[in-house]
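A closer look at the structure
Residue-level listing of the chains:
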Amino acid sequence: MIERLSQTRRREALAGLPGWQDVADRDAIAKTFTFPDFNAAFGFMTRVALVAEKLDHHPEWSNVYRTVAVTLATHDAGGVTERDVALATAMDQIAGAAA
Ligand SMILES: C[C@H](O)[C@H](O)[C@H]1CNC2=NC(N)=NC(=O)C2=N1
């Protein structure tokens, strides 16, 4: 069973994940990505979907035109774990490569 991050580790992880923030009303992290257009936003989601499936770890997300709003948590652990850090890191890399 994977464990929630310690406060120290969580702060350290967020410091290395620009734009990711704690969610106010639950144990989760979130970021809104903005792309040049819908094609770039949906291309990002497609690439992330393949990674998420490989990791067996899936985002809560929504898309409006060229923005993608993402929330990450590990339901099995009831909060943020290293799996969320790994997926957030992959998302930042994919978004960076798409920009
Ligand atoms: C059965 C399956 O492995 C689990 O439901 C996985 C799938 N993807 C998941 N994704 C996320 N974000 N959190 C989980 O706890 C989770 N659990």
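So, here is what we can say about the structure in this document. Keep in mind that what you see is a predicted model, and the values were worked out from it rather than measured. (Residues numbered from 1 in each chain as written. Predicted model: local features only at pLDDT ≥ 70, side-chain atom pairs only at ≥ 80, totals over all residues. Heavy atoms only, no water.)

Here's the deal with the sheet that holds strand β2 (residues 29–34)
For sheets, the rule is that strands pair by backbone hydrogen bonds, running either parallel or antiparallel. Here is the rule: Strands are labelled as partners when DSSP assigns at least two bridges between them. A run of H or I in DSSP counts as a helix once it spans at least four residues, and a run of E counts as a strand once it spans at least two, with each numbered from the N terminus. Should any heavy atoms of two residues lie within 4.5 Å, those residues are counted as being in contact. Here an axis means a line fitted to C-alpha atoms, over the contact stretch when the element is a helix, while the angle between two N-to-C directions is reported on a 0 to 180 degree scale.
Overall, antiparallel pairing links the four strands, which are arranged β1-β2-β4-β3 in an open sheet. Strands at the two margins of the open sheet, each flanked by one partner only, are β1 (21–22) and β3 (60–64). Alignment of β2 against strand β4 (residues 67–72), held across six bridges, turns out to be antiparallel. Considered in β4, the bridge of A30 is made with T71. Along the sheet, helix α2 (residues 38–55) makes contact with β2, β3 and β4, crossing β3 at roughly 160 degrees.

Details of α2
Residues three or four positions apart in an α-helix share a direction because the helix packs 3.6 residues into each turn. Put simply, the test is: Multiplying 1.5 Å by the residue count of a helix minus one yields the expected span of that helix. Only protein chains enter the calculation, and the probe is 1.4 Å; a residue is then buried if its accessible area is under 20% of its type maximum, exposed if over 50%, and partly exposed in between.
In this model, α2 (18 residues) spans 25 Å end to end at C-alpha, consistent with the 26 Å of a helix rising 1.5 Å per residue. Turning to α2, its buried residues number three or more, namely A40, A41, G43, F44, M45, V48 and A52. Positioned one or two residues after α2, D56 has a phi angle of 50 degrees, which is positive.

Notes on the nonpolar core
Taken as a class, soluble globular proteins show a tendency for nonpolar side chains to be buried jointly. Applicable threshold: We define the nonpolar core as a collection of buried residues of types Ala, Val, Leu, Ile, Met, Phe, Trp, Tyr and Cys that are connected through side-chain atoms lying within 4.5 Å of one another.
Counting 24 residues, the largest nonpolar core has W20, F33, F35 and F44 as the members making the most contacts within it. Listed by contribution, the elements that provide at least two residues to this core are α1 (7–15), β2, α2, β4 and α3 (82–98). Excluding residues that lie within four positions of it along the chain, F44 makes contacts with F33, F35, V68, M91, I94 and A95.

In short, the description is geometric, and any link to function would need to be established separately.
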